[in-house]
Amino acid sequence: MAEIGAVSYDIPYMARAMVQRIRRDPRVDWKRDWKLVTIAIGGNDICSFVCTMRYPEQLPAKHRLRLQRTLRYLRDSMPRTFVNLVSVPSVAKVVMLQRKPFACESLHHGECSCWIGKLYNQSEASRDRWARIQDEYVRVEKEVAESREFRGLDEFAVVYQPWSLNVTMKMNGKDIDYSLLSYDCFHMSQKGNAFAGTALWNNMLEPVGKKTPNWRPLLKNFKCPTKESPYLITYDNSGHS
């Protein structure tokens, strides 16, 4: 359901469209099959949208309401659903890279115009402001995922997965491993997506409070279910109060 240019405002609609699509899919047993939903949004909010808002500091609070509305809809509409809530990695870690390839430098003017270029009078102070708003945006996501209204349910769970919090581009012995990023140095490459997918999978099998907050070189660390813990970890089955 991911769409180019999507922002937080879009997720309630995207959830409704996804439910309709799953219900119509003849391969899905609607009532018996488990569904896995991963919500990861915010890069466009922080890169291209926040600086056009009249009151940018309101973005995290608005994001909270949209997330709550979306999760309540999924809980009430779709049986047997496990939701991963994943924050977008820090915008600054990508768009503020030093010595970027020319293509990335020029494309970031359009993809992250709140931070790069001259359109919105960017400065260190304004970038610090957007970074603080993103930090609050991330805190909201964690709080919503951990809230009581989504706990103790037999057929619905939400878990905040923190793999993206401390992501670094300094991988594979390189100062900056550009092979993790696509041509525009904004989206992940196929390799970067493999790192991200593995990190998310590991988070799903790691206990709450002991989840890895970064990605690691491929095949160095890949979790598997165990006899003692043969299921995806939730706040309820991990003993997390």
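Below is a short write-up of the structure. (Residues numbered from 1 in each chain as written. Predicted model: local features only at pLDDT ≥ 70, side-chain atom pairs only at ≥ 80, totals over all residues. Heavy atoms only, no water.)

## What about the overall build of the chain?
Formally: Put simply, DSSP marks the helices as runs of H or I at least four residues long and the strands as runs of E at least two long, and each gets a number from the N terminus on. The reference for a compact globule is 2.2 Å times residues^0.38; the radius of gyration itself is calculated from the C-alpha atoms. Relative accessibility thresholds used throughout: buried, under 20% of the residue-type maximum; exposed, over 50%; partly exposed, between the two (1.4 Å probe, protein chains only). A 1.4 Å probe and the Shrake-Rupley method give the accessible areas. Residues count as covered only by the protein chains that appear here.
Secondary structure summary: the chain contains seven helices and three strands in total. Helices and strands appear in the chain in the N-to-C order α-β-α-α-β-α-α-α-β-α. The globule rule puts the C-alpha radius of gyration for 241 residues at 18 Å, and the 19 Å found for the chain is close to it. Expressed as a percentage of the 241 residues in the chain, the buried residues total 45%. Surface summary for the chain: the accessible area is close to 13400 Å², and the carbon and sulfur share equals 54%.

## Things to note about the nonpolar core
Inclusion rule: Buried residues of nine kinds, namely Ala, Val, Leu, Ile, Met, Phe, Trp, Tyr and Cys, make up a nonpolar core once their side-chain atoms join them within 4.5 Å. Here a residue-residue contact requires only that any non-hydrogen atoms of the pair lie within 4.5 Å.
Formed by 47 residues in total, the largest nonpolar core has its most connected members in Leu74, Met78, Val83, Val95 and Trp115. Of all the secondary structure elements, the ones that give two or more residues to this core are helix H1 (11-24), strand E1 (35-39), helix H2 (43-49), helix H3 (59-77), strand E2 (81-86), helix H4 (91-95), helix H6 (124-146) and strand E3 (156-161). In terms of residue count, H6 provides more of this core than any other element does, seven residues in total. If near-sequence neighbours (up to four positions away) are discounted, tryptophan 115 is found in contact with Ile46, Cys47, Val91, Ala92, Val95, Met96, Gln122, Arg127, Trp130 and Ala131. Judged by nonpolar contacts, the second largest core, of 18 residues, contains Val94, Met171, Cys185 and Leu200.

## A few points about the side chain of lysine 35
Here is the rule: Positive charges come from Lys and Arg alone, negative charges from Asp and Glu alone, with His and the N- and C-terminal ends not counted. Within this document, salt bridges are pairs made up of a side-chain nitrogen of Lys or Arg and a carboxyl oxygen of Asp or Glu, the two lying within 4 Å of each other. Pairing of N or O atoms within 3.5 Å defines a polar contact, subject to two protein rules: one partner must be a possible hydrogen donor and the other a possible acceptor, and residues neighboring in sequence count only if both atoms are side-chain atoms.
When you line up the elements, lysine 35 lands in strand E1. Among buried charged residues, lysine 35 stands out as having no salt bridge; its nearest opposite-charge side chain is aspartate 33, 6.7 Å away. Polar contacts involving the side chain of lysine 35 include one to the main-chain carbonyl oxygen of tryptophan 30, which spans 2.3 Å. Once you skip the residues sitting within four places of it in the chain, lysine 35 turns out to touch Val28, Asp29, Trp30, Met78, Pro79, Arg80, Thr81 and Phe82.

## Focus: the layout of surface pockets
Threshold: Only protein atoms enter the 1 Å grid used here. Points where a 1.4 Å probe fits but cannot escape make up a cavity, open sets with protein on both sides within 12 Å along at least five of seven lines make up a pocket, and a residue lines them when an atom lies within 4 Å of a point. Grid points are joined across faces, edges and corners, and a volume is the space filled by probe spheres set on the points. Amino acids are sorted into nonpolar (Ala, Val, Leu, Ile, Met, Phe, Trp, Tyr, Cys and Pro), charged (Asp, Glu, Lys and Arg) and polar (every other residue, Gly among them).
The computed volume of the largest pocket comes to approximately 1400 Å³. Contributing to the lining of the largest pocket are 45 residues, with Ala2, Ala40, Ile41, Gly42 and Val88 lying nearest its centre. Elements that contribute at least two residues to the lining of the largest pocket include exactly H1, E1, H2, H3, H4 and helix H7 (190-205). Here the lining of the largest pocket is composed, by residue class, of 30 nonpolar, 12 polar and three charged.

## Let's talk about the state of the cysteines
Simply put, the disulfide is a covalent bond whose two ends are the sulfur atoms of two cysteines. For clarity, the threshold we go by: Criterion for a disulfide: a pair of cysteine sulfur atoms at a distance within 2.5 Å.
Inspection of every chain in the model, using the stated rule, returns three disulfides. Disulfide pairing is shown between cysteine 51 and cysteine 114; the S-S distance is 2.0 Å. Looking along the S-S bond of the cysteine 51-cysteine 114 disulfide, the torsion reads about -80°, which is the left-handed sense. Taken together, the residues cysteine 51 in the loop between H2 and H3 and cysteine 114 in the loop between helix H5 (102-111) and H6 connect sequence positions 63 residues apart. Across this residue pair, the class does not change: cysteine 51 and cysteine 114 are buried. For cysteine 104, the disulfide goes to cysteine 185, at an S-S distance of 1.9 Å.

## Points about the packing of H3 against H6
Inclusion rule: Between N-to-C directions, angles span 0 to 180 degrees; the directions come from axes that are lines fitted to C-alpha atoms, helices contributing only their stretch in contact. Orientation labels follow simple angle bins: below 35 degrees gives roughly parallel, above 145 gives roughly antiparallel, 65 to 115 gives roughly perpendicular, and whatever is left gives oblique. If you view the pair so one helix is near and one far, a crossing is left-handed when the near helix is turned anticlockwise from the far one by less than a right angle, and right-handed when it is turned clockwise.
At a minimum axis distance of 9 Å, the contact between H3 and H6 shows a crossing angle of 25°. As judged from the angle between their axes, H3 and H6 are roughly parallel. The two elements H3 and H6 cross, and the hand of that crossing is right-handed. Residue-level inspection shows Leu59, Pro60, His63, Arg64, Leu67, Gln68 and Leu71 of H3 in contact with H6, the latter providing Ile133, Glu136, Tyr137, Val140, Glu141, Glu143 and Val144. Across the contact of H3 with H6, the residue classes tally to eight nonpolar, two polar and four charged.

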